[in-house]
Amino acid sequence: IVGAQGEVATSARTGSPRLCCSTNAPHRTAFCFVASAPDNPAPMLRVGFLGLGAMGIPMAKNLHRAGMLQSVWNRSPEKALALAGELGVAAATALAQFPPPLPLIVTCVSADADVRAVIEGMAPGLPSGTLVIDCSTVSADTARWAENFLLGHGVRFLDAPVSGGVEGAEKG
């Protein structure tokens with residue numbers, strides 16, 4: 001969980017930085033990724049981000065401030081290339097090129113059809129065990145479709161629609 005200043009939530013038990021996500025999907029699967037810190041030798045969580053609109057750009061920048069963002073993609077390649085250049089991360093200009101092997105992919109696009117297109121386009125390249133977190137505000141039917149489609153590729157899915165508008169995204 002990344003705050004406004006790029007800080008990462010810490011474990012109450014150990015004080016170690018962490019990023020935790022869980023789902024109440026039928027599979028009752030929970031995910032917890034530990035981020036590295038000087039006192040924690042665990043590797044930093046590496047994240048790819050797809051969808052660089054009004055909400056996606058500030059969300060991606062928050063992940064970058066936390067040291068997690070590795071790669072970006074957008075339907076408009078120039079947006080991905082510009083942000084990648086600004087942040088010093090990789091950019092894919094075609095969905096088929098995204099993602100590099102990363103354990104976590106975050107998507108934030110504008111509509112149900114866009115979520116379906118992004119999921120279908122990137123699923124063949126996702127390693128088994130990857131977690132896709134979709135922050136788009138879409139129908140429950142689309143979220144269920146995405147979960148079932150990705151499970152067929154050995155990929156987990158978490159529907160996590162965002163709220164708070166651009167200001168909320170900027171503040172983390």
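The structure we're discussing is the one just above.
Residues numbered from 1 in each chain as written. Predicted model: local features only at pLDDT ≥ 70, side-chain atom pairs only at ≥ 80, totals over all residues. Heavy atoms only, no water.

A. Expanded view of the overall build of the protein. In terms of regular secondary structure, the protein is built from 5 helices and 8 strands. Counting every position in the protein, which comprises 172 residues, the buried fraction comes to 45%. For the protein, the accessible area works out to roughly 8,200 Å², and carbon and sulfur atoms hold 55% of it. (Helix = DSSP H or I, 4+ residues; strand = E, 2+ residues; numbered from the N terminus. Buried < 20%, exposed > 50% of the residue type's maximum accessible area, 1.4 Å probe, protein only. Areas by Shrake-Rupley, 256 points an atom, 1.4 Å probe, with all protein chains shown as cover.)

B. View of the packing of aromatic side chains. The tally for this structure, following the rule as stated, stands at 1 aromatic pair. Measuring from ring centre to ring centre gives 5.0 Å for Trp145 and Phe149, while their planes differ by 20°; the resulting arrangement is stacked. Taken together, the residues span about one helical turn, with Trp145 and Phe149 both in helix α4 (residues 140-151) at a distance of 4 residues. On the basis of relative accessibility, which here comes to 19%, the residue Trp145 falls in the buried class. (Phe/Tyr/Trp six-rings, centres within 6.5 Å; stacked < 30°, edge-to-face > 60°.)

C. Quick look at α4. When the terminal C-alpha atoms of α4 are compared, their 16 Å separation across 12 residues agrees well with the 16 Å that a helix rising 1.5 Å per residue should span. Among the residues of α4, Thr142, Ala143, Trp145, Ala146, Glu147 and Leu150 are the ones counted as buried. Next to the buried residues of α4 lie α3 (112-122), β7 (131-134) and β8 (156-159). (Expected span 1.5 Å × (residues − 1). Contact = heavy atoms within 4.5 Å.)

D. Inspection of the sheet that holds strand β5 (residues 90-92) at higher detail. If you walk across this open sheet you meet the 6 strands as β5-β4-β3-β6-β7-β8, and the pairing is parallel. Both edges of this open sheet fall to β5 and β8, since each of them pairs with a single strand only. Each neighbouring strand pair of the sheet contributes to a mean axis angle of 20°, computed without reference to strand direction. Each of β3 (47-50), β4 (69-73) and β6 (104-107) touches helix α1 (residues 56-65); the most contacted strand, β3, lies at about 170° to it. (Pairing = 2+ DSSP bridges. Axes fitted to C-alpha atoms, helices over the stretch in contact; angles between N-to-C directions.)

E. Molecular detail of the environment of Ala91. Looking at the element boundaries, Ala91 is found in strand β5. The exposure class of Ala91 is partly exposed, given its relative accessible area of 29%. The spatial distance from the C-alpha of Ala91 to the C-alpha of Ser71 is 5.4 Å, given a sequence separation of 20 residues. Beyond its immediate stretch of four places on either side in the chain, Ala91 contacts Ser71, Val72, Ala80, Leu81 and Ala84.

Read these as spatial facts, not as claims about activity.
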